[in-house]
Amino acid sequence: MQYNISTEKILENLNIQALNEMQLGTGAAVKTNHDIMLLSATGSGKTLAFLLPILDLIEDKKNQTQAIIIVPSRELALQIEGVFKKMGTNLKITCCYGGHKREIEENNLIEAPTLLVGTPGRLADHIRRNNIKTESITTLILDEFDKSLELGFLEEMSFIIQSLPNIKKRILTSATDSVTIPDFIGLQDLQTLNFLSDELLPEEKLKIQIVHSEDKDKVGILSRLLCFLGGQSTIVFCNHRESVERTSAMLKEKGIANEFYHGAMEQQERDSALCKFRNGSNLILITTDLAARGLDIPNIRYIIHYHLPHTEEIFTHRNGRTARMESSGTAIVLLSPEEKLPNYIDANSEVLDIPESSPLPEKPKWTTLFIAAGKKDKVNKIDIVGFLSNRGQLKKEDIGLIDVKDFFSFVAIRKTKIGAALLLIRDQKIKNKKVKIEIAK
């Protein structure tokens, strides 16, 4: 094969010791079946389960797009792109999604990528503009396809699939088995791999707790709860964008640092919020259900349901952000006096008593630096570490997670060092180019 890399080396690159039962079973099934339906819980490793078998389906030295992955959200698309790049195959992958400049994607598509991943609307747009040559695509993956249908992408998905004349293999993934598969997907001799029953979160991994609010407005009890929890990594789910921003603002007024995140934000704002949460610059994320899928952020300790989820499925996906793989976690449901616990939440769950006052959570020890240079400027993580070490006189332990996007980058810097470093790098150049550098907003 042109990428000449073993599964052992891929796992080493991903810092994974061994494939789990679901991943092994999926790999074996893809080899022997035309179409696969993989049902597996959120956070169980589905991405690698379908990415590994794709490598065996790629023809050697064929410089054409051979596989396409359709996903419901840009976050999931970017996550898959990130995992594939870390695998170290050196095969080209191109990510296409709304909110990203189409011209950038068009340039990336001039030299056909081996693998395409993207959201239905943007992929359909590129196909209509003849930016994607569909004749060479033989493998179709619909990741979290139930969510794509739920979000109303039926027409775009139908158009994309009807534009793929030579599909030989179809792989569908879902975290629920309660969805009807449309005929236009064209399944033949489908084999279903159901790992859901085996992957229900055991009680020792995911704990459910209930907190009662005396008031209809639950911001007061939320702030008390966050203080009580002591500033550990926490996602707070609200049902509406307006509630997300209002809750975030009111918590900040009480001295509780947090970031908010929802679908109406500009892409750079969304990237900044997620990066700050991922790198520890902020340990509390207030969000809509946009963050219930597709975010791969390790070590999230608490999920707080500020608003009750509309369905059991949403409840499950929210909770899937914690207790991932071998970690444990806690989901906390806030109930106002007039709210009743849905029947899919155990009425015998532990009721948590929150003290009237607890000290404010400690401020995070990291700050995120924004650098207006990225991949398209030929800037990578090594360049940034070298720049901050040499010009900013920072030690390696003062530099945290680095996230390099197309035109900008985010870097976590130890908060005690950020002031002096900013003074030192203010007029310096990266790759012989002076760029804007500031604390991320």
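Residues numbered from 1 in each chain as written. Predicted model: local features only at pLDDT ≥ 70, side-chain atom pairs only at ≥ 80, totals over all residues. Heavy atoms only, no water.

*Asks:* Go over the overall build of the chain with me, naming the residues and quoting the values.
*Replies:* Helix and strand counts for the chain come out as 14 helices and 20 strands. Its C-alpha atoms give the chain a radius of gyration of 23 Å, near enough to 22 Å, the size a compact globule of 441 residues would have. If one aligns the C-alpha atoms of the chain with their principal axes, the spans along those axes are about 65 × 60 × 40 Å. When burial is assessed residue by residue, the chain has 55% of its 441 residues classed as buried. In the chain, the proportion of contacts linking residues at least 24 apart, taken out of those at least 6 apart, comes to 76%. If the 57 positive side-chain charges of the chain are averaged to one point and the 58 negative ones to another, these points end up 8 Å apart. (Helix = DSSP H or I, 4+ residues; strand = E, 2+ residues; numbered from the N terminus. Rg over C-alpha atoms; globule rule 2.2 N^0.38 Å. Buried < 20%, exposed > 50% of the residue type's maximum accessible area, 1.4 Å probe, protein only. Contact = heavy atoms within 4.5 Å. Lys, Arg positive; Asp, Glu negative; His and termini not counted. Charge placed at Lys NZ, Arg CZ, Asp CG, Glu CD.)

*Asks:* Now, about the side chain of Gln-23: what can you tell me, with residues and values included?
*Replies:* Looking at the secondary structure, you find Gln-23 in helix α2 (residues 21-32). Ignoring anything within four residues of it in the chain, the contact list for Gln-23 reads Ser-44, Gly-45, Leu-48 and Ala-49.

*Asks:* Outline the sheet that holds strand β17 (residues 409-414), supporting the account with residue identities and numerical values.
*Replies:* Strand order in the open sheet made by the 4 strands is β16-β17-β15-β20, with antiparallel pairing throughout. Looking at the sheet topology across the chains shown, the edges are occupied by β16 (399-404) and β20 (437-439). The average angle at which neighbouring strand axes cross in this sheet is 25 degrees, direction not considered. Two strands pair when backbone bridges link them, and strand β15 (residues 366-371) and β17 are joined in this way by 6 bridges, in the antiparallel orientation. Within β17, the position partnered with Leu-369 by the bridge is Val-411. Here helix α11 (residues 267-279) sits on the sheet in contact with β15, β16 and β17, set at roughly 30 degrees to β17. (Pairing = 2+ DSSP bridges. Axes fitted to C-alpha atoms, helices over the stretch in contact; angles between N-to-C directions.)

*Asks:* Tell me about the pattern of salt bridges, and name the residues and values.
*Replies:* Under the counting rule described, the total for this entry stands at 20 salt bridges. Residue Glu-259 is joined to Lys-276 by a salt bridge in which the shortest nitrogen-to-oxygen separation is 3.4 Å. Highlighted residues: Glu-259 in strand β10 (residues 259-261) and Lys-276 in helix α11, separated in sequence by 17 residues. Across the pair, Lys-276 and Glu-259 agree in class, each one buried. The closest approach of N and O atoms between Asp-289 and Arg-318, which form a salt bridge, is 2.6 Å. Pair noted here: Asp-289 is in the loop between β11 (284-287) and β12 (302-305) and Arg-318 is in helix α12 (residues 312-319), with a separation of 29 residues, a long-range link. What you see here is one network of salt bridges that share partners, running through Arg-278, Asp-403 and Lys-405. (Salt bridge = Lys/Arg side-chain N within 4 Å of Asp/Glu carboxyl O.)

*Asks:* Lay out the nonpolar core in plain terms, naming residues and giving numbers.
*Replies:* Counting residues in each nonpolar core, the largest one holds 36 residues, and the members touching the most others are Leu-51, Ile-54, Ile-69 and Met-87. Elements represented by at least two residues in this core include exactly α1 (7-13), α2, β1 (35-39), α3 (46-57), β2 (67-70), α4 (74-87), β3 (93-96) and β4 (115-118). Examining the composition of this core, we find that 7 residues originate from one element, α3, more than from any other. Discounting residues that sit within four places of it in the chain, Ile-54 has contacts with Ala-67, Ile-69, Leu-115 and Ile-141. By size, the runner-up hydrophobic cluster in this structure holds 24 residues, among which are Ile-68, Leu-109, Ala-124 and Ile-160. (Core = buried A, V, L, I, M, F, W, Y, C linked by side-chain atoms within 4.5 Å.)

*Asks:* Before we move on, could you go through the pairing of β15 and cite the residues and values that matter?
*Replies:* Across the 6 residues that make up β15, a large majority, 6, are buried. Side chains Trp-366, Thr-368 and Phe-370 project from β15 onto one buried face, and the interleaved Thr-367, Leu-369 and Ile-371 project onto a second face that is buried too. The sheet contact formed by β15 and β20 spans 3 bridges and is antiparallel. Bridge pairing in β20 places Phe-370 opposite Glu-438.

*Asks:* So, helix α13 (residues 381-390): which residues are in play, and what are the values?
*Replies:* Note that an α-helix has 3.6 residues per turn; residues three or four places apart therefore point the same way. Looking at α13, one finds that the buried residues are Ile-384, Phe-387 and Leu-388. All buried residues of α13 fall inside an arc of 90 degrees around its axis, so they share one side. Relative to its buried face, α13 has exposed residues pointing more than 90 degrees away, namely Ile-382 and Asn-390. On its buried face, α13 is in contact with β15, β16, β17, α14 (415-425), β18 (429-430) and β20. (Arc of directions from axis to C-beta.)

Everything listed here is a matter of geometry and, on its own, says nothing about what the molecule does.
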